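Here is how the chains run, residue by residue.
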Amino acid sequence: MRGSVYYQSAELTKVIFFEGAKKENRVNPNHEHYGCVASFKTMQSYRNIWNNFFNYLKEHFKVKNCELITEDHVKAYIEYKLEYYPSKQYLEKITSALGKLEIALNRYSKLKYEDNPITYDFKIRQELLNSAKDLKLVANNYLNRVYTNPNLIIDNLENDKHKLAATIQLQGGARAEGVTLIKKEQLKGIKIDEITNKSVGVIETKEKGGKIGDVLVSIETYEALEKYFLENGTSIFKIKYQDYVNDIKSTCQKLNIPHQGTHGFRWTFAQNRVREYQNNGYTYEQALQGVSWEMKHY
C-alpha cells in the first residue's frame, strides 16, 4: 500500500470499522462484521497505536508499506515498548490494537487480492503480553523510574560508546533511538542555554514519530562526541540497541541497583531539568511544560 502512515491507517480503518455494528454479529465467525470495531472512540484509540507502530517501522526497519508487516515486526515493537516499562493496561491496549490490525490487514488483503490474499498472524502479541505479566515487565501503577545514582551506572558500563550514549541521554533527555545512531552533521555547535545561561553543546536528533529537536549536553560530552568522529575517521556514531540495553541491565545487576532500562536516564534528566527551571525562576507548571517540549512531547 502506498501513501503516508496516516493514509494507510485510514484505509485499514475503512475495512474494520462499522459504527453501531451489533456485538452478536461481531462475535459471529459467519457474519461480515466478525472481529470488527463498532465504537468510534475505540477505533480512534486503535488507529493512534497503528500510526505509532507504522512510524516505528518506518524509522527502525525502513518499512513504509503496512502490507509488509510481519510477526517479527510486531515482536520488535512490543519489546521496544517493554523497554519503557509500560503499565499493564497500556500494554494490553497495544496488543489489542495489534490484534485488530491483524484482522484489518487480512480483510484488506482479501478484498485486494481475491485469488491469492496475504495471510497475517500476530498471535505472538498475546504470548509476549502473557510473558511480560509473568516476568513483571509491566507496572500495575505509577513507578518512579529515576536512577538515584546514574553516573555510577554509566561509569561501570563495559562499552565506552555505551557510556557516551547514556551520558547524552542523562544530560539531554534523548530517547534510545536518538543515541544509537548519531551522524556528525547532527552536531550543531555551542550555544547558551536559555534556562541556565550556561554554554552547552547542541545535538539535533530525530526520534519517536519523526519529531526533530535539540538535545543539550555539556561541553565535555559534546567534545567527546567530536573526538570520537575525529579519532575514528568516521561521520557516524552507531551502537547496537540490544547490546546497549544488555550492558545497562548487567551493570545494574552487578551494582545491585534497580534496573530501569535506557529510559531511566531520560526520566532522571526530566527530574533534574525541572529543578533547573525552578532554580531559575520558573514555576513548577512552567517547568513541566518546558521540559515536556524539550523531550519532544507535544
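Draft legend 1. Looking closely at the state of the cysteines. All chains considered together, the criterion is met by zero disulfides. The cysteine Cys66 is free of any disulfide, with Cys36 supplying the nearest cysteine sulfur at 16 Å.

Draft legend 2. Structural context of the packing of aromatic side chains. Using the criterion set out here, one finds eleven aromatic pairs in the structure. Judged by centre distance (6.2 Å) and plane angle (40°), the ring pair of Phe53 and Phe54 falls under tilted. Accessibility classification places Phe53 together with Phe54 in one group, the buried group. Each ring, one from Tyr56 and one from Phe61, has its centre 6.0 Å from the other, and the planes form 65°; the classification is edge-to-face. Between Lys161 and the ring centre of Phe237, over which it is positioned, the NZ or CZ distance is 5.7 Å.

Draft legend 3. Representation of the packing of helix α8 (residues 160-172) against helix α9 (residues 219-232). Two numbers describe how α8 lies on α9: the axes approach to 10 Å, and their chain directions differ by 145°. In the crossing of α8 with α9, the sense of the turn from one axis to the other is left-handed. Along the contact surface, α8 presents Lys161, Leu164, Thr167, Ile168 and Gln171, while α9 presents Thr221, Ala224, Leu225 and Tyr228. Partitioned by chemical class, the residues of the contact of α8 with α9 number five nonpolar, three polar and one charged.

Draft legend 4. Broad picture of the pattern of salt bridges. Counted under the stated rule, the structure contains twelve salt bridges. Of the charged contacts in the structure, one is a salt bridge between Glu79 and Lys75, with a shortest N-O distance of 2.7 Å. With Glu79 and Lys75 both in helix α4 (residues 71-82) and four residues apart, this pair spans about one turn of that helix. Residue Glu79 is classed as partly exposed on the basis of its relative accessible area, which comes to 36%. In this structure, Lys254 engages Glu158 in a salt bridge whose closest nitrogen and oxygen atoms are separated by 3.2 Å. Of this pair, Lys254 sits in helix α10 (residues 241-255) while Glu158 sits in the loop between α7 (150-155) and α8, and the two are 96 residues apart along the sequence. The same class applies to Lys254 and to Glu158, which are both exposed.

Draft legend 5. Layout of the nonpolar core. By size, the foremost hydrophobic cluster in this structure holds 40 residues, and its most contacted members are Leu12, Trp50, Phe53, Phe54, Ile69 and Leu101. Broken down by secondary-structure element, the contributors of at least two residues to this core are α1 (5-16), α3 (40-60), α4, α5 (88-112) and α6 (124-134). Excluding residues that lie within four positions of it along the chain, Phe54 makes contacts with Val5, Gln8, Ser9, Leu12, Val63, Cys66, Ile69 and Leu101. Within the second largest apolar cluster, 27 residues are counted, among which are Ile153, Leu170, Leu225 and Phe265.

Rules used in this analysis
Residue indices begin from 1 for each chain and proceed along its sequence in written order. Whole-chain, interface and lining totals are the exception, using all residues; otherwise, since this is a predicted model, local features are given only for residues with pLDDT of at least 70 and side-chain atom pairs are given and counted only at 80 or more. The basis for the side-chain values is all heavy atoms of the structure; hydrogens and waters are excluded. Only a pair of cysteine sulfur atoms within 2.5 Å qualifies as a disulfide here. When the centres of two rings from Phe, Tyr and Trp lie within 6.5 Å, Trp using its six-membered ring, the rings pair. Their planes under 30 degrees apart give stacked, over 60 give edge-to-face, and anything left gives tilted. Only protein chains enter the accessibility calculation, which uses a 1.4 Å probe; a residue whose area is less than 20% of its type maximum is buried, one above 50% is exposed, and one in between is partly exposed. By definition, being over a ring means that NZ of Lys or CZ of Arg is both within 6 Å of the ring centre and within 35 degrees of the ring normal. In this analysis, axes come from line fits to C-alpha atoms, helices being fitted only over the stretch in contact, and the angle between any two N-to-C directions falls in the range 0 to 180 degrees. Labels follow the DSSP assignment, with helices taken as runs of H or I lasting at least four residues and strands as runs of E lasting at least two, numbered in each case from the N terminus. By convention, the crossing between two helices is left-handed when the near helix turns anticlockwise from the far helix through less than a right angle, and right-handed when the turn is clockwise. The contact criterion used is simple: two residues touch if any of their non-hydrogen atoms lie within 4.5 Å. Basically, the charged four are Asp, Glu, Lys and Arg, the nonpolar ten are Ala, Val, Leu, Ile, Met, Phe, Trp, Tyr, Cys and Pro, and anything else, Gly included, counts as polar. We define a salt bridge as a contact between a side-chain nitrogen of Lys or Arg and a carboxyl oxygen of Asp or Glu at a distance within 4 Å. By nonpolar core we mean a set of buried residues, namely Ala, Val, Leu, Ile, Met, Phe, Trp, Tyr and Cys, connected to one another through side-chain atoms within 4.5 Å.

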